[in-house]
Structures are given as structure tokens and as C-alpha cells.
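# Structure assessment
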Amino acid sequence: MYYDFSAIEKKWQARWEETKPYAAVTGDPRPKFYGLIEFPYPSAAGLHVGHPRPFTAIDIVSRKRRMEGYNVLFPIGYDAFGLPTENFAIKNHIHPAIVTRDNIANFTRQLKMLGYGFDWDRVVDTTDPKYYKWTQWIFLQMYKKGLAYKTTMPINWCTSCKVGLANEEVVEGKCERCGGEVVRKEKSQWMLAITKYADRLIDDLDELDYIDRVKVQQKNWIGRSYGTDATFKTSTGDDVTVYTTRVDTIFGVSYMVVSPEHPLLDKWQDKIANWDAVAEYRLAASRKSDFERGELNKEKTGVRLEGVEAYHPITGDAIPMFVSDYVLMGYGTGVVMGVPGHDQRDWEFATKFGLPIREVVAGGDVTKEAFVAKDDSAVMVNSGFLNGMTVKEAIPAMRQYAVAHGWGKEKVNYKLRDWVFTRQRYWGEPIPLVNCPKCGWVPLDESELPLLLPNVESYEPTDDGESPLAKMTDWVNTTCPHCGGPAKRETDTMPNWAGSCWYYLRYMDPHNDKEFLSREAEEYWGPVDWYNGGMEHTTLHLLYSRFWHKFLYDLGLVHTKEPYAKRTSHGMILGKNPHYIGNVDTEEEKQALIAKYGSMATRPAVKMSKSLGNVVNPDDVIKAYGADTMRLYIMFIGDFEKTAAWSDEAVKGSKRFLDRCFNLQDMVSEEEGISKANMASIHKTIKKVSTDIEELKMNTAIAALMTLVNEFYSKGLSRGDLSVLIRLLSPFVPHMAEEMWENMGFAKESGKMAMQSPWPEYDESKTVDAQVEMAVQVNGKLRGTVVVDTDSDEAAVKAAALESDRVKKATEGMSVVKTIFVKNKLINLIVKPAK
RNA sequence: GCCGGUGUGGUGGAAUGGUAGACACAGGAGACUUAAAAUCUCCCGGUAGCAAUACCGUACCGGUUCGAGUCCGGUCACCGGCACCA
């Protein structure tokens, strides 16, 4: 029988379109399963071969769940607001909405061609006013609860394009598009107070089934630290507070540093004798880009504040004060106590400015470098009453002391910053707030939502960095919802992360025009049971959406504290590196490649990109081999969590396997039920495939299926054997499985498609063979194998082992002093020369 | 620098502390064919040997163990993230 994948795939896709076997039913009595993949950004380039990796994996899990009797929700949508579309629109003079519509149509075509079991009646598009109405609505709830606030923040500003850039658009301090200088520019921005949720975002991770590296990365990103706010008196009359995690080292303080942006400096203008030098330093610092300022191995700079000094809270000693840009205004208090003996940055600063370096923790040589103890068992010295204590004892002791003496306070700090929630761009959700000269910021009434994105002539940002919407005076000028007087709309839009914060909720109830989500649907479907996505979204999307969900939980709008019960992650698909040194033979050619491309030339596989010409288009693969082969190969390519290199050659192996499966139809015996010859193999395979799918080890699940098919080729198979194989294949290659199921008459007999049939179950007792091959070792070295009855005892195996010539030879003249026996696995004979 | 991850044949990759290299790609041999493709069968880490077999082999050095790719300590390389976070 000829495997005509093209006709088969078209046939079944048309049938699914018609009968909708993937429809999720809210309220159904079956147990529910909600599988989720990160919805794609519909770029003009179309689907990338990287997309099918996570999509296929969760499709397989969802299909298995359906066969196990679950009511499955496996939805798809489009995260369609964003810069690439806007830039494409500017360049080609097409409205972003039209670009988006076309791109979505193309993505939809490609996704349907891959045979995913999405519920196509629940598609969500973040740029659809029916959707972003509720994105705006949730934002207003945050505004009303005081979580959205306006503040002045520096943005990345390209001096050449005169445009604000997202962080992703800044490459090594230069504009990604024109290579122009990027500096910081102060701009008024809406912020979301995610830091208010910092503790819960860390602590609630414990209850979640997320892979460890996601948890670790989120924890590090939030960066909670426990320390002390210590207050120092100064000669200015103002007290200065510093944050430190190591208040135990306070006897080692030899200077203090204030951040250039610190407002106290302005206040002290009259008291600072060298104000001109300080002012000049501050100006220079403000002109530096973040990149310059944070540049690696940069030499410490700073200016002493002449005429100003601080006083040590315990000794009362005078401490010189400096301004330096190595202290950040955005973390802690913007002032730092310098402990050069035990902090490398402080050590560099003190060395440069000739400040004393005191050792207060023993164990290093502070004349050479700062000593930062690896564990907390190092001992305190030169530290008054702390002397002789370990660091572990000294930290709480000094904290208590500081609190008791009124100059210290326990403090928790976070690296996490509040979320800059505005973009000076067109293609985003409009912010539903109005600025009234009398009433200030006023939210639109709910009945005014959605606040539609108006049509503009040009999507180019304005010269001064305002959003293109600012030029729309008709739209901008409005009336205040509160007092009715003239007022202006907010012209900035939301960032592309906004719509993706809650899309998984909308899937539960996508057509609701009364509320963002009905209680009934939320209680039935929530939370997401399994969410797979890229590691690159761990600290942005994943954290942001957890934050929004917690906010909605606090309002009583969702019944779970967390949106996603389980989170897994996939590795990237790489392409062949055309500049790889392994592609050339001579040493000169290799050196030439390294000289030209640097470290890139040493990698066999690299990220796919147009410029390298190594991009693989899924359309081409499907055309040449079929969607089922594409699905199978992308799962077989390697460990799901690791990066993997696409290989056109290796795809053929997957196609060959499907041909072999299809040809089994001509080989079956009429025997119903599972054949005796294949009994153990089939039960083993069911077990292996079932457990591997749960762990996303699709590569080994497929290997097990290949092994089974190879056995069928050598031993033959029954109709019943094939029935099991088809059902095991069904989640991986749904089109071919349905075709075979129908061909074999199983569909007619059961009245069900393969995908609706029960997932095969295995019987543990039938997974064991009658005989096993065991390893025989002598002194831990392999000296052959023996075939014995399964579960044979030590004596029987030992007897069988000693019959082998190899074992005889290895034990000649020796006596067995000990035997290690692992049932059905191995026997290890420990021998010594006989006396 | 810090955090996380990874190092296994020509290649992609398998191996709850228990026969390293499953499964596949590439390569080789054969069958079928006028021929090629496809298909089917077999071989395929290195060294020595006709072979049986022996020795070596999971980045490197050391340790624990009857037994280590796997566990522990150290080193190196690469990948990802963060980066003056006090």
C-alpha cells in the first residue's frame, strides 16, 4: 500500500474541520485537562521550524489525555501587537491591522496543515477590540487599586532616529537599526507595581510544578535579600541611611558613597566646598548611557564631597563621603557604606582614592584584594564586641545591636523593579485614561471600553519621542469623564507583554462580551494544567502573567493563586552554520574562518537567520515529506529541553519509519487480539511510550515505537498488534493513524476515530520476558553474559555463569570470595588467587 | 564576576550506580532490478588479531564503590541568563 501522505493529510484535515473532534466542552462531567503553549507572534516571515517543537509536544500530551477520557482544552491564539509589525507597516505603508490580519491568516493555514488538535472556535487575537477591551479593563482595575502609577523614567533614546527603543533594540549601546548612539532620556511613564507582589511571586513558587531552572531564574530575577538599613549621622545635619546585607562588617567602613542622582546632593549644595567638581561629575554621569556606565572592568571614578562627613554609629569616627556612579540610585537607598576589606568594588574604589582598608573578617589578605568569605564560618577581627564570633553569629548579633541602639532597621530588598508599562508607539492597546487639568488622571468609564485605536496617517513616532497618537488632535482632545471639562487622552500605548498576561483566561470563555471571563468557565477550566514555553520568557511574560493572575485572585475573579500548575520548557532549533570550521579541510581555511567569524566559526549549529541562509521553512518540509513526518522528526530530533540542530538528512529517517508503519497493513495476520509472539514487546512499548510522553521524552518514546516496528518486521504481527500500534502512534502522527485505523476496519467496528479510542493499557506482569540475559562480571569486569529464566536466584545464575569458558578462564586458579547479585541484571564474582 | 546548564562514535542522540553507544542519520556489503531510486537483510567506537579474544574508551585530574557516563572534590571548554544589586 502506498503512503500518499499528501492526500491522507488533506482528507483528515477536512474531516476534522467538519466534525470538530477537538472542541472543548465547558462544564462536561469528564475530568478536564488544560494544555497550553505560548501563543505565537504572527510575523511576516510565517511559522519557523522552532514553533512546531513545543506545539507538537503539548499536542501529543493533549491527544493522549483525550484518549484517556479527559475533556481537553488545547487552544491557540495570536499575540499580535508589537514592533516588528509596526515597522513593517511603516516601511511598506500598509496599516498594521492589515499586516496582522494577513499574517494571522498565514499562520492559521500553516498550523492547520500541521494537524494540531486546537479548538479553532476559541482563537484569541490580542489586537481584536473585543479582546483588548478586557486588557484595558484589567488595567483600569489595577489603576483603581493603586497598582498603576505615573513616574519619570529614563528610556533608551536613539540620538540618530530620534526614537525611543525597547531594551531588545539596543545592541551593545547602539541602535539596532541605524547603529546610532543610544542615551538615556527622562520620560514620564506609567508603571505597574509588580514589586508589591515580589514576596508572593517567590514564595508561591514552592507549590508549583515548574522545572527547577525556571524557579531559580525567577528567584534570582526578583533577587530578594535580607539586610539592614543603617543610619549614619553627618555634618550636614541630615542623617544618611545605607542598605547593607553585611552590617557585621560595619567596623570596616572607611568611607561612604552617594549615587550621582541622589537628591541630598542638591540639598547640600551650599555645604559642599567643591560643588563645581561634584556638579560636573553628576552631569558627566547623566550623559553616560547605561551601557557605558555598566561597562565591564571599568575603573572606578568619583569625587570627594569636601566639607561633608559622616560619623560612625558605634565609634563616632568621622568618615569621608564621595559621589560615584558605581552606586545606583535604583537599588537600596542610593547610598553605600564602603567596606573595602570585604567588597571587591569598594576595594577598587578605596585603592584608587587612597582610603584605609581594614580587615574585619579574618582569612584573606586585604592588601591584595577584598576578602569575601565563601562560607559563614570565618571569624571576626578588629570589630569590638564581635571579635571572635563567626560571621554566622556576628550578622544577627550586629543586627540586634543596631536595632537596639536606634540606628538600624531590618530591611528586605529586591532587584526586581516596577514594570514600565508604556510605549511611545502606535501598535499597542490604548491606555484608557484621560488627563484633566482640574481632576488629574481620570479613568474612562467601563461603558466607554474598548477605547479603540484610531486610524492615523503615519505610524512613525514623533521627533520628540511621543507616540504617533499624540499627533491625532481630534482623538487626543476629549472631555473629562469626571467634570466634563476639556481634557487630553493618554497617547502612549501598552507594551506587547500586556495582552499575553491573561490570554490563557480568555481561552476559557472567548466569546463573552459581558465580562472578561465567566465564573463558571474559570472554575471549570482553571488553572492551566500544563504550560510549555521558552526560557526567554521566564523573567518577563511568565512573571508578568503570574503577577496579573495574583491581582485577579485578590479581586476574587479567579479561584487559584497561580495561573499555571506546571511549566516545562523546550530548547531552540538551530540551523547549520555555513561558516563552521568543520566544513573545510585545510588548516589555513579554518584559520581564515576563525579570523573572519570569530567564535561563531567554532559552532556546528547556530540560530537560524536569513543572513546565514540556514532558515528551514516548515512549508517546504511538509510539502516534501508531509506534516506527520515533520511532527515526528521534530520530536525525535533530541532531548526536548536542549537545543537541537535541524538536519535535512535526518528527516528522511522519520519518513522511512512512517513508510514502514504504513506497509505493516499488508503484513497482518487475521489473528484478533495481541499475538503471543509480540505480547511482552507490546506491553513494554505501551509502558515506555506512556511514561515517556508524560516526561516529554518524545525522542525515546519514538525510539521504542521504532523498535516495536522492527520486531513486527522480523516476527510478523496480528491485526490486534496493529490496533495497539496505531493508537500509540495516533498522538504523534494523527493523519496517518486515522487512515490506517480506517483502512483496517477498526473505525467501522468501533464507530470511533483512532484519536477517540481508548489509550492502550499495559499489564506490568506481561512486560516481562520468560528469559533474561544477565551480565557476568569477574572483579567488576564484564566477562560475558548468560541467558537464564527470569527471576532466577543467585545460585542458579552463578552455576550458569561458571560454565562459560570466558568466566572459567578469568577465574582459573582463583577462589570466589564474594558474589554481588542483582536480580535479572548481573552477577559479579569477586575472586582472589587461591592459596 | 555571579547564577543555571552541557561535554558520550563520522553525526543527532540512548543509558533508576549494574552489559556504554538503544533508536536514527551518514557510510560499507549483499539481495531484488537491464539499471538507478525505493525496498529488504547484514556490518558499523579505537588498537592488535584470520578468528576466538585481549586491552583501551563517556572533556581532564583525583576520590567513594564489588561496580561510576551517572555520586563527591577539583580543573578546563562551550551554551544560556544576569551583571557595579552594596
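These remarks concern the structure in this document. Here the structure is a predicted model, which means the values were calculated and not measured. (Residues numbered from 1 in each chain as written. Chains lettered and ligands numbered in written order. Predicted model: local features only at pLDDT ≥ 70, side-chain atom pairs only at ≥ 80, totals over all residues. Heavy atoms only, no water.)

## Some points on the pattern of salt bridges
- According to the stated counting rule, one finds 52 salt bridges in the structure shown.
- Between Lys20 and Asp121 there is a salt bridge whose closest N-O contact spans 3.3 Å. Taken together, the residues Lys20 in the loop between helix H1 (5-19) and strand E1 (32-37) and Asp121 in the loop between helix H4 (96-113) and strand E4 (124-125) connect sequence positions 101 residues apart.
- Classification of Lys20 as partly exposed rests on a relative accessible area of 43%.
- Since its relative accessible area comes to 38%, Asp121 is described here as partly exposed.
- Here Arg719 and Glu672 are joined by a salt bridge, their closest N and O atoms 2.9 Å apart. Of this pair, Arg719 sits in helix H23 (residues 719-729) while Glu672 sits in the loop between strand E28 (668-669) and helix H21 (679-694), and the two are 47 residues apart along the sequence.
- When its relative accessible area of 54% is taken as the criterion, Glu672 is described as exposed.
- Here the salt bridges do not stand alone but share partners, grouping Lys11, Arg15, Glu739 and Glu742 into one network. (Salt bridge = Lys/Arg side-chain N within 4 Å of Asp/Glu carboxyl O. Helix = DSSP H or I, 4+ residues; strand = E, 2+ residues; numbered from the N terminus. Buried < 20%, exposed > 50% of the residue type's maximum accessible area, 1.4 Å probe, protein only.)

## Structural notes on the nonpolar core
- Core analysis: the biggest nonpolar cluster contains 83 residues, and Trp646 and Phe732 have the highest contact counts within it.
- Broken down by element, the residue count for this core peaks at nine residues, all from helix H22 (residues 698-715).
- When near neighbours in sequence (up to four residues on either side) are disregarded, Trp646 contacts Val49, Ile573, Leu574, Lys576, Met608, Val616, Val621, Met630, Tyr633, Ile634, Ile637 and Val651.
- In terms of nonpolar packing, the next biggest core, distinct from the first, is built from 64 residues, Trp137, Trp190, Leu542 and Trp548 among them. (Core = buried A, V, L, I, M, F, W, Y, C linked by side-chain atoms within 4.5 Å. Contact = heavy atoms within 4.5 Å.)

## Thoughts on a positive patch on the surface
- Side chains of Lys781, Arg783, Arg806 and Lys809 sit close together on the surface and give a patch of like positive charge.
- Contributions of two or more residues to the positive patch are made by strand E31 (781-789) and helix H27 (805-811).
- Counting through the fold element by element, Lys809 comes out in helix H27. (Patch = residues over 30% accessible without salt bridge, like charges linked within 9 Å, V, L, I, M, F, W, Y side chains within 5 Å. Areas by Shrake-Rupley, 256 points an atom, 1.4 Å probe, with all protein chains shown as cover. Lys, Arg positive; Asp, Glu negative; His and termini not counted. Charge placed at Lys NZ, Arg CZ, Asp CG, Glu CD.)

## Comments concerning the sheet that holds strand E32 (residues 814-822)
- Judged by pairing direction, the sheet is mixed, and its four strands sit side by side in the order E31-E30-E33-E32 without closing on themselves. Strand pairing shows two members of the sheet lacking a second neighbour, E31 and E32, which therefore form its edges. Across this sheet, the average inter-strand angle for adjacent strands is 25°, counted without regard to direction.
- Looking at chain direction, strand E30 (residues 771-778) and strand E33 (residues 826-833) are connected through four bridges and run parallel. Bridge pairing in E33 places Gln777 opposite Asn828. (Pairing = 2+ DSSP bridges. Axes fitted to C-alpha atoms, helices over the stretch in contact; angles between N-to-C directions.)

## Some words on the side chain of Thr478
- With respect to the helices, strands and loops of the structure, Thr478 is situated in strand E21 (residues 477-479).
- Its relative accessible area of 18% is what places Thr478 among the buried residues.
- Beyond its immediate chain neighbours, meaning those up to four positions away, Thr478 contacts Val434, Gly485, Pro486, Ala487, Lys488 and Arg489.

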